[in-house]
There are 2 protein chains.
Amino acid sequence: MVQYNRIEMSESGNHNFLRALLRQSVDRTPVWMMRQAGRYLPEYRATREKAGSFLNLCKTPELACEVTLQPLARFRLDAAIIFSDILTIPDAMGLGLYFKEGEGPKFRYPIRDRQSIQSLSVPDPQNELKYVLDAIQLTRYELDDKVPLIGFSGSPWTLATYMIEGSGTKTFCRSKRLLFEDPESLHKLLNILSDSVILYLNAQIAAGAQAVMIFDTWGGILTPKNYKIFSLNYMQKIISGLNLEILGNQVPVILFTKGGGQWLEEMAGTGCDALGLDWTVDIADARKRVGHQVALQGNLDPCVLYAPPDVIRQAVHEILDAYGPGSGHIFNLGHGIHPDTPPEHVTAMIEAVHEWCLSGKITTTL
Amino acid sequence: MVQYNRIEMSESGNHNFLRALLRQSVDRTPVWMMRQAGRYLPEYRATREKAGSFLNLCKTPELACEVTLQPLARFRLDAAIIFSDILTIPDAMGLGLYFKEGEGPKFRYPIRDRQSIQSLSVPDPQNELKYVLDAIQLTRYELDDKVPLIGFSGSPWTLATYMIEGSGTKTFCRSKRLLFEDPESLHKLLNILSDSVILYLNAQIAAGAQAVMIFDTWGGILTPKNYKIFSLNYMQKIISGLNLEILGNQVPVILFTKGGGQWLEEMAGTGCDALGLDWTVDIADARKRVGHQVALQGNLDPCVLYAPPDVIRQAVHEILDAYGPGSGHIFNLGHGIHPDTPPEHVTAMIEAVHEWCLSGKITTTL
């Protein structure tokens, strides 16, 4: 289906990504990108066109598999992430997810009162979300163990904000109004979402996801106290509820709170294996703070990829130098890649990672 | 012009705000709100209607003075802030500022190439920005030394992002593209803006501003290294260039980087007198980190003001307790008040501050 002509792989497959997440020895610092299957790739845009809509692309396993594999055919990436959307769960709950060109996700039936929280129920992944599990199974088959496949979900707080706002927002006024006015109802919603995420991620693991990532896109808009109460606690509940061993293999969990740089210690305390870092954090500082506990994934500003290759190279090396020698670092962007990124600049970024590793600056042990 | 019937003031005026900024003894923790003159007040909406447009309101000193004083007639606030916009400088540079209802600020002639940076020049505050100085003079006269008047400006980096983007953005792709592709041109722009802000704030001080605040709304979207290079350095340059003593009185400087919670130490090192804090920072933690160096202003999430008065009261007390006893705290929101805030909830907030202070929890010395 996809030619891996540009990927150099050992016989037994490339496990650097999973090993780095568990802070085990690696051959080189693994690298992947958030939203690596996306609009910046012409081949993605072609498949998206064929699918008719973004949501249809997510919901057609063959096409989701196709776009998941596209960046791996182009770049020497060390992991694939299943092509999907963080809002599949609210959609499965009946909120009617849709996308308006250039406006981001919207819901036809957002949460507008306490009653609509009462009437929500936990979706059955084998039923309403089966298309994601099918896409994972198919992609694992196609990947043939060459690189690991990541599954993911939005965090309960992040899903709740979208469900309450109903569309994009800068101020999150509706979500926070509920938080401050009626925290009990919000907790009810977050509990239903946590139960849903647990079932969903366990089903993804059973279907073949070899690592899972929780995207807490909007945890960073909370106060430190409310971050713990309304976001972190529920992510911790999820981690405790996951089946993180399958066929003798450990399934690492990555936690990513955008804007969560002030709370790395608390995040590392959840029992996750790795933290995703956005670019507002100095990764050297982050390693000092929590590197004895978790691996770190990140954290190039995706806007660096607008710059010429020599600027990219320098910025990549700065991050690798800042993390320093030893395993436990997964190179990534600090946020999803922007749609107007030139693909050849991604090549420059990945080559810069490999070049640094080949220079002997990384040691294979922790 | 305005009745201060609800403000209790001593003979000599209320200097708690200025004294707290300088960490001198106070009678009570002073309180004011970012955007306290604004759309949440029906009397503001009436004046805004009369003015015809937001920009005309800014540019008519009598009306700007009128709305500046409105919240002081309603609430027991300890400071006034001149009603204006952070984008007056780029407007004075000829970029053609305009506001589209519900869409935020836009520029008719945004910066699109190196040439448009070359052709910019530093505006003369006594000419292109005289309306702001006139509004300050008039407001000082009307205030009659009852409470101090704050002047302000956007930070060079924040002004630059608006000038480059031309309208609202979530990703700041254009600004960061320039930063990474052509940092020299960006530095050129930031230097012109810094020189402009120095002249502008010095003119505001000469016209009667008794404290000045620099709003760095978008410093928080940068990496730690680039925050220092492209935002903080220029704010430091501004602070060094200000005439901060007038008629024997010190004019304190407040620095506010939204999302700057990770960089408080660096911000405190600029020579400013106080830091504005958004709500993602624990003020107890901030005081431990930099409270020996600067005063702290903040940091209630403005969305708390949607909640019932007893929730507001508790949230206010939590912040005051977290700062603890002693001077050096100016109570404020962590961001501008939202337009749909009920004014009576502002009363609840201010009363909660006074109640806490009356309970004897504050000591008058540092």
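Residues numbered from 1 in each chain as written. Chains lettered and ligands numbered in written order. Predicted model: local features only at pLDDT ≥ 70, side-chain atom pairs only at ≥ 80, totals over all residues.

## As for the overall build of chain A
A count of helical and extended segments in chain A gives 15 helices and 11 strands. In terms of C-alpha radius of gyration, chain A reaches 19 Å, essentially the compact-globule figure of 21 Å for 366 residues. Projected onto its principal axes, the C-alpha positions of chain A cover 60 × 45 × 45 Å. Taking all 366 residues of chain A together, 54% fall into the buried category. (Helix = DSSP H or I, 4+ residues; strand = E, 2+ residues; numbered from the N terminus. Rg over C-alpha atoms; globule rule 2.2 N^0.38 Å. Buried ≥ 20, exposed ≤ 12 C-beta atoms within 10 Å, placed from the backbone.)

## A closer look at the interface of chain A and chain B
One frequently used descriptor of interface size is the decrease in accessible area upon assembly of the parts. Listed as interface residues are 22 residues of chain A and, on the opposing side, 22 residues of chain B. Here the side of chain A that touches chain B takes five residues from helix α9 (residues 173–181) of chain A, the largest share from any one element. Here the residues of the side of chain A that touches chain B are counted per class, giving 10 nonpolar, seven polar and five charged. (Contact = placed C-beta atoms within 7 Å. Nonpolar A, V, L, I, M, F, W, Y, C, P; charged D, E, K, R; others polar.)

## Some details on the sheet that holds strand β9 (residues 274–276) of chain A
Residue and element names in this part refer to chain A. Read from one edge to the other, the open sheet built from seven strands follows the order β1-β4-β5-β8-β9-β10-β11, with strand pairing classed as parallel. Every interior strand has two partners, whereas the edge strands, β1 (80–81) and β11 (329–333), have only one. Two elements, strand β8 (residues 253–257) and β9, share three bridges in a ladder whose sense is parallel. Each bridged residue has a counterpart across the sheet, and for L255 the counterpart in β9 is L275. The strands touched by helix α11 (residues 224–241) are β5 (211–216) and β8; relative to β5, the strand with the most contacts, the crossing angle is about 165°. (Pairing = 2+ DSSP bridges. Axes fitted to C-alpha atoms, helices over the stretch in contact; angles between N-to-C directions.)

## Overview of the relation of the copies chain A and chain B
Turning chain A through 180° and shifting it by 0.0 Å along the axis lays it on chain B, with an RMSD of 0.0 Å. Taken together, these values place the two copies in the relation of a two-fold axis. Residue Q262 of chain A of chain A places its C-alpha closer to the rotation axis than any other residue of that unit, at 3.2 Å. Of all interface residues in chain A, 100% are interface residues in chain B too; the two copies therefore contact each other through one and the same surface. (Least-squares fit on C-alpha atoms with pLDDT ≥ 70 in both.)

## Notes on helix α4 (residues 61–74) of chain B
Since one α-helical turn is 3.6 residues long, residues separated by three or four positions face the same way. Residue and element names in this part refer to chain B. Over its 14 residues, α4 runs 21 Å from end to end, which matches the ideal 20 Å to within 8%, given 1.5 Å per residue. When you tally the buried positions in α4, you get 10 out of 14 residues, the bulk of the element. Regarding α4, the residues found buried are P61, A64, C65, E66, V67, T68, L69, Q70, P71 and L72. Lining the buried residues of α4 we find α2 (42–51), α3 (54–59), β1 (80–81) and α7 (130–143). (Expected span 1.5 Å × (residues − 1).)

## Side note on the pairing of strand β3 (residues 104–107) of chain A
Residues and elements named next belong to chain A. Relative to β3, strand β2 (residues 97–100) is paired through four bridges, and the arrangement is antiparallel. Counted as the bridge partner of K100 is G104 from β3. Connecting the antiparallel pair β2 and β3 is a turn made up of three residues, with G102 showing a positive phi of about 75°.

## Things to note about the environment of Y306 of chain A
As for its position among the elements, Y306 of chain A is in the loop between β10 (295–300) and α14 (309–323). With 22 C-beta atoms counted inside 10 Å, the residue Y306 of chain A sits in the buried group. Beyond its immediate sequence surroundings of up to four residues, Y306 of chain A is in contact with K176, R177, F180 and E181 of chain B.

## Re the sheet that holds strand β4 (residues 149–154) of chain B
All names here are of chain B. The seven strands lie next to each other as β1-β4-β5-β8-β9-β10-β11, forming an open sheet whose pairing is parallel. In this open sheet, the two edge strands, each paired with only one partner strand, are β1 and β11 (329–333). Pairing of strand β10 (residues 295–300) with β11 involves five bridges; the strand directions are parallel. Within the sheet, the bridge partner assigned to L296 lies in β11 and is H329.

## A short note on the packing of helix α10 (residues 183–207) of chain B against helix α11 (residues 224–241) of chain B
Residues and elements named next belong to chain B. α11 packs onto α10 with a crossing angle of 30° between their chain directions and a minimal axis gap of 9 Å. What the angle tells us is that α10 and α11 run roughly parallel. The handedness of the crossing between α10 and α11 comes out as right-handed. Contacts between α10 and α11 pair L186, L190, S194, V197 and I198 from the former with F230, Y234, K237, I238 and G241 from the latter. Among the residues making up the contact of α10 with α11, the classes are represented as seven nonpolar, two polar and one charged. (Parallel < 35°, antiparallel > 145°, perpendicular 65-115°, else oblique. Left-handed = near helix turned anticlockwise from the far one by under 90°.)

## Points about the confidence of the model for chain A
Scored by pLDDT, chain A comes out at a mean of 94, with 95% of its residues at no less than 70. A low-confidence stretch, residues 1–11 of chain A (pLDDT under 50), is modelled with 17 contacts involving residues beyond four sequence positions or located in other chains. (pLDDT = per-residue confidence, 0-100.)

## Observations regarding the pairing of β11 of chain A
All names here are of chain A. Taking burial as the measure, the five residues of β11 include five buried ones, the bulk of the element. Burial of β11 is two-sided: the residues H329, F331 and L333 facing one way and the residues I330 and N332 facing the other way are all buried. Taken together, β10, α14 and β11 constitute a β-α-β crossover, and its handedness is right-handed. (Right-handed = clockwise from strand over helix to strand, strands pointing away.)

## Notes on the packing of helix α7 (residues 130–143) of chain A against helix α10 (residues 183–207) of chain A
All names here are of chain A. Interhelical geometry of α7 versus α10 gives an angle of 25° and a closest axis separation of 8 Å. On the basis of their axis angle, the class for α7 and α10 is roughly parallel. Where α7 crosses over α10, the handedness of that crossing is right-handed. Residue-level inspection shows V132, L133, I136 and Q137 of α7 in contact with α10, the latter providing A203, Q204 and A207.

## Quick word on the nonpolar core
I150, V212 and L275 of chain A together with I150, V212 and L275 of chain B are the most contacted members of the largest nonpolar core, which totals 250 residues. Other than its neighbours up to four places away in sequence, V212 of chain A contacts I150, G151, F152, L201, Q204, I205, V251 and V253 of chain A. (Core = buried A, V, L, I, M, F, W, Y, C linked by C-beta atoms within 7 Å.)

## Looking at the environment of N202 of chain A
Residues and elements named next belong to chain A. By the element assignment, N202 lies in helix α10. Along the chain, N202 and T161 lie 41 residues apart, while their C-alpha atoms are 23 Å from each other. Ignoring any residue separated from it by four or fewer positions in sequence, one finds N202 in contact with L242 and N243.

## Remarks on the environment of Y234 of chain A
The topology assignment puts Y234 of chain A in helix α11. When neighbours within four sequence positions are excluded, Y234 of chain A is seen to be in contact with S155, P156, W157, L190 and S194 of chain A.

## Describing unusual backbone geometry
Residues and elements named next belong to chain A. Cis peptide bonds are those with omega within 30 degrees of zero, and the linkage from G298 to N299 qualifies with -5°. With respect to the element layout, N299 can be found in strand β10. In the Ramachandran plot, D145 falls in the positive-phi region, its phi being about 65° despite a non-glycine side chain. Tracing the backbone shows D145 in the loop between α7 and β4 (149–154). The residue F172 is not glycine, and still its phi comes out positive at about 55°. For F172, the position within the fold is in the loop between α8 (156–165) and α9.

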